[in-house]
Amino acid sequence: MAVLPLLLCLLPLAPASSPPQPAASSPCPRRCRCQTQSLPLSVLCPGAGLLFVPPTLDRRAAELRLADNFIAAVRRRDLANMTGLLHLSLSRNTIRHVAAGAFADLRALRALHLDGNRLTSLGEGQLRGLVNLRHLILSNNQLAALAAGALDDCAETLEDLDLSYNNLEQLPWEALGRLGNVNTLGLDHNLLASVPAGAFSRLHKLARLDMTSNRLTTIPPDPLFSRLPLLARPRGSPASALVLAFGGNPLHCNCELVWLRRLAREDDLEACASPPALGGRYFWAVGEEEFVCEPPVVTHRSPPLAVPAGRPAALRCRAVGDPEPRVRWVSPQGRLLGNSSRARAFPNGTLELLVTEPGDGGVFTCIAANAAGEATAAVELTVGPPPPPQLANSTSCDPPRDGDPDALTPPSAASASAKVADTVAPTDRGVQVTEHGATAALVQWPDQRPIPDIRMYQIQYNSSADDILVYRMIPADSRSFLLTDLASGRTYDLCVLAVYEDSATGLTATRPVGCARFSTEPALRPCGAPHAPFLGGTMIIALGGVIVASVLVFIFVLLMRYKVHGGQPPGKAKATAPVSSVCSQTNGALGPTPTAPAPEPAAPRAHTVVQLDCEPWGPSHEPAGP
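Residues numbered from 1 in each chain as written. Predicted model: local features only at pLDDT ≥ 70, side-chain atom pairs only at ≥ 80, totals over all residues. Heavy atoms only, no water.

Per an unreviewed UniProt entry, the recorded name for the protein chain is Leucine-rich repeat and fibronectin type-III domain-containing protein 3, and the organism is Castor canadensis. What UniProt states about the protein chain under its Subunit (unreviewed entry) heading is, verbatim, "Can form heteromeric complexes with LRFN1, LRFN2, LRFN4 and LRFN5. Able to form homomeric complexes across cell junctions, between adjacent cells. Does not interact with DLG4." (UniProt positions renumbered as here; feature names shortened; annotations may be inferred.)

And the structure:
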């Protein structure tokens, strides 16, 4: 019983149990303002001169503003464990690098501002973990590449994507097409040159699309544009309307943009950059009838080729039109050809068969198509037996055969003219090149009275050595034209088109009159004169010979005069002192030469002695002493 009172006395001494206290908040970083008294917690550090993300951040913060600092990189540990962060602003820093997984713990983040930095690319792992992101602002960076999977984690939640003022030439259009909830898409002030058809067809909630100031020449019609009314700017329109901005692009105003011209808009920035007839004109002031296209015309194709089996063969096809036609090839068996292990199709219309087989022979069809129509041309390929093997030391002087890839010389005028009948279609025989020289050719075509309302004729031509087309506009009453400034010794492909007004549609259209191929005469090579270096060397040698001969003659004359005057210089014989022991040669004899005494001068003068040293012939010919 004594134990019970003792226990009752000890009970007050036991520590009373208390609820757990919240962890102490992290200290506020220097130069920052922290709001920690009430939820949500905020850390505000704008313009604080920070060089990196402060390591003492309160990890419970819901808002973090680090704009207008000098942060150069976002590391993996900088934002770790900030699972409750809703808004992150890193605008206007100097960020060049974002580590992969730097935002992996920010699963609740709604808005990320990275604008005004120096990012050049965005990879697949840099935005990983942002599964609730709604606003992504990446404008005013230096982005040149955006990975296809960069937006995968936020594709279903993203509502606002701003990629403006960057250096993007290409975009992962398939990835952008999966942004089903995006409401605003800013692509303006980039380097985009094309937009694939149907790129926005799945963006059902898109309300504003900005593509101003890019390099777009055309904007393809999209199912989204047909479902929603297009407006220039918000003006109290219904929520289902789409605001489309595309000014500041070099638009090519042809029939592909008629759908856009038919919209009722109020823009004042759009202008046509081409074709030349519409360049600089206000887009909405150009009538619909002036948005015309030209059907394709095949201007050049390879002549019939013959190659041995096992060798490569290149089939070429060139076509012109507006818009630029796309060239495809069909095999003799009717199959559409593309890139494969045995063939390569190039955008310029060339089909290269890497290794030919005997079954590859036949007629290949070149199809050039654009929005206005299509044109076809046939190229015949003959595959012969493989060449016999040659010895290693054997040589051949045979000229390369037609179709051989090593044959780099253009065909001669005779061969080209002989193939005109095979390469020109029956409808093209109306165009004739009746006279042609080395640099000029006369083109003639028949009267086109069946075509009503002809406005003009257009001549298009290029040489076999140049793919650039030359255009000539001819008055409607002309039936011939003299081409000048041609290159000598080349084969030219020429087509004549009639430009007329289609009475059914009221639009300007073109119709091919015909095509022809001709070759200019080779330039006559003048008789060659000796080369300048050869002439210069010859002149130097001749001049040197003349100088040497003159010196020798001068020395000979001096010697002869010396002999005539008895070994004394002329004019000095009487003015010199007596000369003794002078050995001179006269008619082959040696002996002393008598001298006459000189008259005494009025004043003392120096005496000059001229002595010619000779070798004596013997003891009896010793010279006399002085």
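S.K.: For this particular structure, what's the right way to read the sheet that holds strand β33 (residues 491–501)?
M.R.: What holds strands together in a sheet is hydrogen bonding between their backbones, with the strands either parallel or antiparallel. With respect to topology, 4 strands assemble into an open sheet ordered β31-β30-β33-β34, the strand pairing being antiparallel. The outermost strands of the open sheet, each flanked by one partner alone, are β31 (470–475) and β34 (508–519). When the angles between neighbouring strand axes are averaged without regard to direction, this sheet yields 20 degrees. The pairing of strand β30 (residues 454–463) with β33 spans 9 bridges and is antiparallel. Across the sheet, the residue bridging to Y461 is L494, located in β33. (Pairing = 2+ DSSP bridges. Helix = DSSP H or I, 4+ residues; strand = E, 2+ residues; numbered from the N terminus. Axes fitted to C-alpha atoms, helices over the stretch in contact; angles between N-to-C directions.)

S.K.: I would appreciate a short explanation of the side chain of N166 in the present structure.
M.R.: Its place among the elements puts N166 in the loop between β11 (160–162) and α2 (173–176). Overall, N166 belongs to the buried group, its relative accessible area being 3%. N166 has contacts with L138, S139, N140, N141, Q142, L143, H189 and N190, leaving out every residue within four places of it along the chain. (Buried < 20%, exposed > 50% of the residue type's maximum accessible area, 1.4 Å probe, protein only. Contact = heavy atoms within 4.5 Å.)

S.K.: Teacher, can you tell me more about the environment of R110 here?
M.R.: With respect to the element layout, R110 can be found in the loop between β6 (97–98) and β7 (111–113). For R110, a relative accessible area of 37% puts it in the partly exposed group. The sequence separation of R110 and L130 amounts to 20 residues, and the corresponding C-alpha distance is 8.3 Å.

S.K.: It is not clear to me how the packing of aromatic side chains should be interpreted in this structure. Could you clarify?
M.R.: Aromatic rings considered in pairs are described by the distance between their centres and by the relative angle of their planes. What the rule picks out here adds up to 10 aromatic pairs. Ring centres of F283 and W284 lie 4.9 Å apart, and the angle between their planes is 85 degrees; this geometry places the pair in the edge-to-face category. Note on F283: relative accessible area 0%, which makes it buried. Assessed through its relative accessible area of 11%, W284 is described here as buried. Between Y492 and F518 the ring centres are 5.5 Å apart and the planes differ by 10 degrees, which places this aromatic pair in the stacked class. In this pair, Y492 sits in strand β33 while F518 sits in strand β34, placing the two residues 26 residues apart along the sequence. Members of the aromatic cluster, each reached through a chain of ring pairs, are W173, F200, F225 and W259. (Phe/Tyr/Trp six-rings, centres within 6.5 Å; stacked < 30°, edge-to-face > 60°.)

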